[in-house]
Amino acid sequence: MNGSTHPLLALGDAVAAALAEARPVVALESTLISHGLPAPDNLATARAAETAVREGGATPATVGIVDGRIVVGLDDAQMERLADPESGARKASRRDVAAVLTRRKLAATTVSATMIAAALAGIEVFATGGIGGVHRGAESSFDISADITELARTPVTVVCAGAKLILDLPKTLEVLETAGVPLLGLRCGGFPGFFARDTGLPLDDVVSSVDDLAAIVATQRQLGLATGVLVLNPAPETAAIPADEAYDWIAKAIAEAHAVGVSGKAVTPFLLERVSRLSGGRTLHANKALIVNNAATGARLATALARLKTTLPAPG
């Protein structure tokens with residue numbers, strides 16, 4: 001494990017070498033390992049995402065917090081620690097990072113914390129499954145994911161399959177617009193809803209290729225606009241689920257949550273678990289497929305950005 005220019009950052013050897021040589025690197029989050037997917041799918045999917053990045057010509061950098069350092073480029077042993085339900089690994093977002101580091105706790109990083117780590121390390125592209133957003137009933141609960149505020153202030157490009165269908169997607173899009181976050185649909189004209197390829201919510205900017213994506217991201221950086229860029233990459237057609245079908249499962253899951261009194265932070269995991277059961281495991285299959293697909297797209301984007309760096313002047 002190599003050091004870095006930041007005292008709280010530890011770079012994996014492959015990541016440190018790639019960054020030193022200005023080769024493309026893709027950040028990957030670790031919450032899917034500790035909290036997002038059941039065993040053994042959690043480790044298998046994380047490793048498949050890393051393989052997809054390598055096959056795309058980039059170096060994977062899975063992020064986690066281990067022994068008082070933000071590790072950018074977890075090794076197999078560290079990933080296995082996060083996957084162990086007995087490890088007590090926390091789920092760390094922006095608000096948790098300092099406390100977890102100071103107390104030397106083990107933690108997986110969410111979208112927001114992974115963006116912070118990527119920015120500190122100098123990694124431009126981060127691939128994940130889907131982002132959080134505005135929760136249903138947010139007009140009274142004020143429940144809005146930290147992912148959105150992180151996208152508003154951290155200049156990392158996030159490749160995802162949209163936001164989870166259990167959220168209030170129209171409000172999520174409104175808040176992203178207010179935050180000034182560019183939304184770029186990769187060959188898709190409608191906002192994807194995680195395992196649904198199109199939710200019927202139109203996108204203004206549709207991009208036909210990864211090279212076009214890279215050009216827009218590079219221009220955003222040349223302007224010095226310090227926001228994230230959201231690349232919307234729909235789930236693979238072979239694994240995707242029609243939005244109408246998924247919404248039926250979600251309605252049933254929400255009714256069950258109300259019936260048993262589930263509230264607060266417990267709502268999202270409850271709904272996701274119930275939707276997975278109602279779908280007969282189809283949503284789990286789609287989730288795994290889109291994570292790997294986004295990792296592959298992230299690698300192509302990071303590679304295209306690395307090529308552009310030799311032709312564009314640095315920001316003034």
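If you're wondering where the values come from, they're calculated on a predicted model, not measured in any experiment. (Residues numbered from 1 in each chain as written. Predicted model: local features only at pLDDT ≥ 70, side-chain atom pairs only at ≥ 80, totals over all residues. Heavy atoms only, no water.)

Turning our eyes to something else, we now look at helix H1 (residues 13–20). Those residues of H1 not exposed but buried are Val15, Ala16 and Ala18. Mapping the buried residues of H1 onto a view down its axis gives an arc of 165°, with all of them on the same face. Where H1 is buried, its residues touch strand E1 (9–11), strand E2 (25–28), strand E3 (59–66) and strand E4 (69–72). Alanine 22 sits one or two residues past H1 and shows a positive phi near 60°. (Buried < 20%, exposed > 50% of the residue type's maximum accessible area, 1.4 Å probe, protein only. Helix = DSSP H or I, 4+ residues; strand = E, 2+ residues; numbered from the N terminus. Arc of directions from axis to C-beta. Contact = heavy atoms within 4.5 Å.)

What follows concerns the packing of aromatic side chains. Enumeration according to the criterion identifies one aromatic pair in this entry. Ring geometry for phenylalanine 194 versus phenylalanine 195: centroids 5.8 Å apart, planes at 55°, classification tilted. With respect to burial, phenylalanine 194 and phenylalanine 195 carry one shared label: buried. The aromatic ring of phenylalanine 194 is capped on one face by lysine 164, whose charged end is 5.1 Å from the ring centroid. (Phe/Tyr/Trp six-rings, centres within 6.5 Å; stacked < 30°, edge-to-face > 60°. Lys NZ or Arg CZ within 6 Å of the ring centre and 35° of its normal.)

One can describe the packing of helix H6 (residues 111–121) onto helix H8 (residues 146–153) by two numbers: an axis separation of 8 Å at closest approach and a directional angle of 25°. Taken together, H6 and H8 sit at an angle that is classed as roughly parallel. Contacts between H6 and H8 involve Val111, Ser112, Met115 and Ile116 from the former and Ala146, Asp147, Glu150 and Leu151 from the latter. Broken down by class, the residue content of the contact of H6 with H8 amounts to five nonpolar, one polar and two charged. (Axes fitted to C-alpha atoms, helices over the stretch in contact; angles between N-to-C directions. Parallel < 35°, antiparallel > 145°, perpendicular 65-115°, else oblique. Nonpolar A, V, L, I, M, F, W, Y, C, P; charged D, E, K, R; others polar.)

For E3, the buried fraction is high: eight of the eight residues fall into the buried class. Residues Thr59, Ala61, Val63 and Ile65 line one face of E3 and the alternating positions Pro60, Thr62, Gly64 and Val66 line the opposite face, and both faces are buried. Pairing of E3 with E4 involves four bridges; the strand directions are antiparallel. In the strand pairing of E4, valine 66 is matched with arginine 69. Summarising the sheet, E3 and strand E6 (residues 107–109) pair through two bridges and their orientation is antiparallel. Residue pairing for E6: glycine 64 is matched across the bridge by alanine 108. (Pairing = 2+ DSSP bridges.)

Attention shifts here to the nonpolar core. Among the nonpolar cores identified, the biggest contains 106 residues, and Val26, Ile70, Val72, Phe195, Leu230 and Leu301 are the most heavily contacted of them. In terms of residue count, the dominant contributor to this core is helix H13 (residues 282–308) (ten residues). Non-local contacts of valine 26, meaning those with residues more than four positions away in its chain, are made with Val53, Ala58, Thr59, Pro60, Ala61, Ile123, Val125, Ala127, Gly298, Ala299 and Ala302. (Core = buried A, V, L, I, M, F, W, Y, C linked by side-chain atoms within 4.5 Å.)

By volume, the largest pocket amounts to about 1,600 Å³. As for the largest pocket, its lining consists of 49 residues, and the residues nearest its centre are Thr31, Lys91, Lys164, Thr268 and Pro269. With seven residues, helix H12 (residues 267–278) is the largest single contributor of residues to the lining of the largest pocket. Along the lines of polarity and charge, the residues of the lining of the largest pocket split into 18 nonpolar, 19 polar and twelve charged. Reported here for the second largest pocket is a volume of approximately 340 Å³. Considering the residues around the second largest pocket, the lining is formed by 15 residues, among which His135, Arg136, His258, Val267 and Leu271 are closest to the centre. Taken together, the residues that form the lining of the second largest pocket break down as six nonpolar, seven polar and two charged. (1 Å grid on protein atoms, 1.4 Å probe; cavity = no way out; pocket = protein on both sides within 12 Å on 5 of 7 lines; lining within 4 Å. Points joined across faces, edges and corners; volume = space filled by probe spheres on them.)

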